[in-house]
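Coordinates in review
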Amino acid sequence: MADDDQITEEQAQQICKIYDEDDFFTVIVQMMLALFALLSLWFKRQTEKPRRKFYTWFLDISKQGLGACYAHVLNMVIAAVIIGNIRGDGQLDDQCAWYGMSYLIDTTLGLVLAILCVQGLDRFAQEFDLASLKNSGVYEGPHGLIHWVHQVIAWILILTVVKIAIYAFM
């Protein structure tokens, strides 16, 4: 007779996983989400007025895309870490549920924290005259790509701070 505390094989198969290399469906879902995100950005490009130069638009969306991928991977890692650290009698072994909660908190509390961090960064950039950070979205001139790199690094750091705060909240 199996111990009641052990998860049966059937129960293990019913547990949702964010990413499972053995399950091609999760890979397709991830690819479809990426495609949908890219198509929505392209649609935005087609309807914006005035239309930005392609170079500026591309750097802007690549900054958004890198941040979104980073946040998505962190949400998956947070879900996996939480599953691995459940204590007590809790049985919420569903990575999808934890990812969903992390995403929900991220799009509410996380958004507020990110806005506050960006405002703080703007004040910091103005105070110390950091041209690459105080002119977000401006990539003209000989240092345009360096400005983009600085802005990406700043955004990734802001996302990291927000994710740490959200993880502490969960």
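Because the structure is predicted, anything quoted here is derived from the model rather than measured.

Some words on the layout of surface pockets
Considered as a void within the structure, the largest pocket measures approximately 1500 Å³ in volume. In this structure, the largest pocket is lined by 47 residues; those nearest its centre are Gln-64, Gly-67, Ala-68, Cys-69 and Ala-71. Those elements that place two or more of their residues in the lining of the largest pocket are α2 (24–47), α3 (54–84), α4 (95–127) and α6 (144–169). For the lining of the largest pocket, the class distribution of residues is 27 nonpolar, 13 polar and 7 charged.

Quick word on the packing of aromatic side chains
Across all of its chains, the model carries 5 aromatic pairs by this definition. Ring centres 6.4 Å apart and planes at 15° place the aromatic pair Tyr-99 and Tyr-103 in the stacked group. With Tyr-99 and Tyr-103 both in helix α4, this residue pair falls 4 residues apart, about one helical turn. Take Tyr-99: its relative accessible area is 17%, and that puts it in the buried class. Here Tyr-103 falls in the partly exposed class, since its relative accessible area comes to 47%. Between the aromatic rings of Phe-124 and Phe-128, the centroid separation amounts to 4.8 Å while the plane-to-plane angle is 50°, which identifies the pairing as tilted.

Some thoughts on the side chain of His-147
Among the secondary structure elements, His-147 is positioned in helix α6. With residues up to four places along the chain from it excluded, the contact list for His-147 reads Ala-131, Ser-132 and Val-138.

A word on the pattern of salt bridges
Under the defined criterion, the tally for this structure stands at 6 salt bridges. For Arg-52, the salt bridge is made with Glu-48, and the minimal N-O distance between the two is 3.0 Å. Judged by relative accessible area, Arg-52 falls into the partly exposed class, the value being 26%. Bridged by salt links that share partners, the residues Arg-45, Glu-48, Arg-52 and Asp-60 form one connected network.

Looking at the side chain of Arg-45
In this fold, Arg-45 is placed in helix α2. In this structure Arg-45 comes out as buried when scored by relative accessible area, which is 8%. Among the polar contacts made by the side chain of Arg-45, one reaches the main-chain carbonyl oxygen of Arg-52 at a distance of 2.5 Å. Those residues in contact with Arg-45 that lie beyond four places of it in its chain are Arg-51, Arg-52, Lys-53, Phe-54 and Trp-57.

As for unusual backbone geometry
A cis geometry characterises the amide bond from Lys-49 onward to Pro-50, with omega recorded as -10°. When you line up the elements, Pro-50 lands in the loop between α2 and α3.

Looking at a nonpolar patch on the surface
Together, Phe-24, Ile-28, Met-31, Met-32, Leu-35 and Leu-39 make up an exposed nonpolar region whose accessible area comes to about 610 Å². Looking at the secondary structure, you find Phe-24 in helix α2.

Parameters at a glance
Residues numbered from 1 in each chain as written. Predicted model: local features only at pLDDT ≥ 70, side-chain atom pairs only at ≥ 80, totals over all residues. Heavy atoms only, no water. 1 Å grid on protein atoms, 1.4 Å probe; cavity = no way out; pocket = protein on both sides within 12 Å on 5 of 7 lines; lining within 4 Å. Points joined across faces, edges and corners; volume = space filled by probe spheres on them. Helix = DSSP H or I, 4+ residues; strand = E, 2+ residues; numbered from the N terminus. Nonpolar A, V, L, I, M, F, W, Y, C, P; charged D, E, K, R; others polar. Phe/Tyr/Trp six-rings, centres within 6.5 Å; stacked < 30°, edge-to-face > 60°. Buried < 20%, exposed > 50% of the residue type's maximum accessible area, 1.4 Å probe, protein only. Contact = heavy atoms within 4.5 Å. Salt bridge = Lys/Arg side-chain N within 4 Å of Asp/Glu carboxyl O. Polar contact = N/O pair within 3.5 Å; in protein donor to acceptor, adjacent residues only side chain to side chain. Patch = residues over 30% accessible without salt bridge, like charges linked within 9 Å, V, L, I, M, F, W, Y side chains within 5 Å. Areas by Shrake-Rupley, 256 points an atom, 1.4 Å probe, with all protein chains shown as cover.

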